[in-house]
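# Commentary on secondary and tertiary structure
Residues per chain, in single letters:
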Amino acid sequence: MTQARGTTGGQSEATQRVVLVTGASGAGRSTSIAALEDLGYEVIDNLPLSLVPRLLVGPPMGRPVALGIDVRNRDFAASRLIELIDRLTREPTLDLEVLFLDCQSDELVRRYRETRRRHPLSPGTDPAQGVAMELDLLAPIRVRADVLIDTTGMSPHELKAEIARWFALGDAPGLLVSLNSFSYKRGLPRGLDMMFDCRFLANPHWVPELRALDGRAPKVAAHVAADPLYAEFCKRVCELLLFVLPAHLNEGKSHLAIGFGCTGGQHRSVVVTEHMAKALSEAGWAVSKRHRELERKAAAEQPGSGA
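Residues numbered from 1 in each chain as written. Predicted model: local features only at pLDDT ≥ 70, side-chain atom pairs only at ≥ 80, totals over all residues. Heavy atoms only, no water.

## Thoughts on the sheet that holds strand β9 (residues 255–262)
Selection criterion: Here, a strand pair is defined by DSSP locating no fewer than two bridges between the strands. Numbering goes from the N terminus for both helices and strands, where a helix is a DSSP run of H or I of at least four residues and a strand is a run of E of at least two. Interaxial angles span 0 to 180 degrees and are taken between N-to-C directions of axes, which are lines fitted to C-alpha atoms, for helices over the stretch in contact.
Read across the sheet, four strands follow the order β8-β9-β7-β10 without closing on themselves; strand pairing throughout is parallel. Strands with a single pairing partner mark the edges of an open sheet, and in this sheet they are β8 (194–197) and β10 (286–291). Each neighbouring strand pair of the sheet contributes to a mean axis angle of 20°, computed without reference to strand direction. Where strand β7 (residues 176–183) and β9 come together, eight bridges link them in parallel fashion.

In structure tokens form, the structure reads like this:
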């Protein structure tokens, strides 16, 4: 879930754009800071609150600034951060946006326990205690956010795409088309705008020599493409997307998420996602793709994953 108050796009010559990034520990602040740096922001992380106004004195810098602030800052206090937000908002030469990374408490506790990290507010006890304390501490700041992103259930890839959606630079960033393959058994991906069911296509799972492969393998792609319905299905879906994408762009949308699902998320949906990514890219659209179940499988096979 993402909520926003009125935010701005680029940076004028007379004002300095500043994105203040804060939120719950473990909710994705570091990932967001890295994503903003990749987008071209000047990133400064964990600067003491008292030094922030001094940093922003003077003429605008050549690019927007992203400031990372959390409870680990040396002089952090919720009241001080609110005072800083109020002070910077009143500065006519600054264009301030507050980005708050939120997450459900049980998900934050799960992340800390899985990574065996210590929560900064409860380093010697169960992370659940620190999570509860921090969420209570940050509640007044959360309501002051211009952009609030709930990262519960989000992968780092999805969070980076969401950051790009809200904070990409330039007057006309265009439309980013995100294509996602997934398994219906594991539920729908968050934030889909459109979805197509691929379960009617020939299933490589029932071919022993193809079962262990995924839809990126040429043999699997050829097997699915041999289904008499495949070519017509892809053609019609592609025509539909090429018809609606300009309309979404004209409406001012910057990101469109499209899902292709099958039973296991390993074969048919992957083949179709790869096909559509190539077709839309060749048609001139900016396309990103994600194979959710393949990412999960790869993560489970990493050493130390506990799988």
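## Observations regarding the packing of aromatic side chains
In plain terms, the rule: When the centres of two rings from Phe, Tyr and Trp lie within 6.5 Å, Trp using its six-membered ring, the rings pair. Their planes under 30 degrees apart give stacked, over 60 give edge-to-face, and anything left gives tilted. Burial classification: accessible surface area is computed with a 1.4 Å probe over protein chains only, and a residue below 20% of its type maximum counts as buried, one above 50% as exposed, and the rest as partly exposed.
Under the counting rule described, the total for this entry stands at three aromatic pairs. Between Phe182 and Tyr184, the ring centres sit 5.0 Å apart and the planes meet at 65°, which makes this aromatic pair edge-to-face. Arranged with centres 5.5 Å apart and planes meeting at 20°, the rings of Phe196 and Phe260 form a pair that is stacked. Within this pair, whereas Phe196 is found in strand β8, its partner Phe260 is found in strand β9, the two being separated by 64 residues in sequence. By relative accessible area, Phe260 is classed as buried at 0%.

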